[in-house]
Amino acid sequence: MSYVSRRHVLGLGAAAVTSALFSRIGFASEEPHFVDKRWPTNPLNAIGCINTVVTRDLDASLRFYCDLLGYELLKRSTLGAKRPTVEGVGDLGRRYALVRTNPNGSPEIGMVRLLESPAEARPNRPRPDATIENPGLCALSLMSRDIAASHERLVRAGIEVVSEPYYYNHLKMVPLPGARYQSRDIHVKTFVSYAPSTEQVFFTQVLDIDGRPMKWEYPGLHSPVMGRGVVTADKWPLRQFYGAVFGLMPDRDATVWGQPSFNRLMGSTPDRPMMFGGMGDGFNMEVWEWRHIDPASVRVFPTSLDRLGYAAVTVLVDDLDEVRRRVKTARIPVLGEGALPTLDREFQPGIYVRGAVGELIEVIGRNT
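Just so it is clear, the model here is predicted, and its values are computed rather than measured. (Residues numbered from 1 in each chain as written. Predicted model: local features only at pLDDT ≥ 70, side-chain atom pairs only at ≥ 80, totals over all residues. Heavy atoms only, no water.)

A. Main features of the packing of helix H3 (residues 235-246) against helix H5 (residues 320-329). Packing of H3 against H5 brings their axes to within 7 Å, and their N-to-C directions diverge by 130°. When the interaxial angle is binned, H3 and H5 end up oblique. Two secondary-structure elements touch here, H3 through Gly243, Ala244, Val245 and Phe246 and H5 through Val323, Arg326 and Val327. Of the residues contributing to the contact of H3 with H5, the split by class is five nonpolar, one polar and one charged. (Axes fitted to C-alpha atoms, helices over the stretch in contact; angles between N-to-C directions. Helix = DSSP H or I, 4+ residues; strand = E, 2+ residues; numbered from the N terminus. Parallel < 35°, antiparallel > 145°, perpendicular 65-115°, else oblique. Contact = heavy atoms within 4.5 Å. Nonpolar A, V, L, I, M, F, W, Y, C, P; charged D, E, K, R; others polar.)

Below is the structure:
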């Protein structure tokens, strides 16, 4: 039977699908083709890898990610005396947990890093003030083997969802110069949930790509966390920022228009078109640009490590010193030094910067 494996889900331009890149990402020792530097759209081999979520109830968040989604708790500990200098990192003894979502490769790829919140923490994206149309770091994304089963599991557990799963498509998608994939048609079903600490999580089942079903290659109902979405009313400041810091070039643009089910599942304004944009092969972050919104009319929600929900993304690069040089050249402020714990290191060299719509970014190097 003909099928499309995860190796072919490259640059699809749909939430929770565009970043299905685990067959070709990871650390240098495991994925030598990742460091061949043959990708014009991603010359530093940058990848969004760890997702930091601040939670008031560590146990509730672990039940969501481990019991409901099927991921694995690898480590539970407290922050030590040596920790990043970025504002909001908190005091000695702040509890954290590391959850592995990727069963087939490097555990840091797709990892969820849970940080216990301060007692009176408010959400990074407070509802109802922050909607899917407000700029900022917004949501995690993953795939489901059976979207109806995923939806039923979460609803039975009392998890809030925006809607039932809805179908939508992208047809005749054409890559931008430098990208590695071909023109394609994709058909998916998606729904959106709110995790216990307010972060949004997108679940998508790929129905077919170019008429071929996708082969499922994971042991459970859900794939690893494959990507994240950053919302904007104007993609160009975002592209300029990520180009300046990481050398990224856009690899795709695809619009969703005339499909009311898409707006329903997103919880967005009916009939308002959205543009999906990729920022470089393998980077694993989508730009969600709401067209026809005046950027001056919408509130931006910057993220912080002392507020609830999706707070920061960790970007792994070949050369941390090169990123430092780029940041200095672009006159982008460094908000802090060091990095939060990974599986093997309680502290390591790194920097924190803030993106064009307030997203907090932790940058670490492969060989530092």
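B. Fine view of the packing of aromatic side chains. Counted by the stated rule, this structure contains 11 aromatic pairs. On the basis of an interplanar angle of 90° and a centroid distance of 4.9 Å, the ring pair of phenylalanine 64 and tyrosine 65 is categorised as edge-to-face. The buried category is assigned to phenylalanine 64, whose relative accessible area is 1%. Taking the relative accessible area as the measure of exposure, tyrosine 65 reaches 1% and is therefore buried. Their ring planes at 65° and their centres at 4.9 Å tell us that tyrosine 168 and phenylalanine 262 sit as a pair that is edge-to-face. (Phe/Tyr/Trp six-rings, centres within 6.5 Å; stacked < 30°, edge-to-face > 60°. Buried < 20%, exposed > 50% of the residue type's maximum accessible area, 1.4 Å probe, protein only.)

C. Up close: the sheet that holds strand S16 (residues 360-365). Pairing is mixed across the open sheet formed by eight strands, whose spatial order is S2-S3-S4-S1-S13-S16-S15-S14. Either end of the sheet is taken by a strand with one partner, and the two such strands are strand S2 (72-78) and strand S14 (336-339). Here the average twist between neighbouring strands, direction ignored, is 30°. As paired elements, strand S13 (residues 309-317) and S16 share six bridges and run parallel to each other. Among the inter-strand pairings, alanine 312 is bridged to a residue of S16, identified as leucine 360. (Pairing = 2+ DSSP bridges.)

Taken by themselves, the reported measurements are silent on function.
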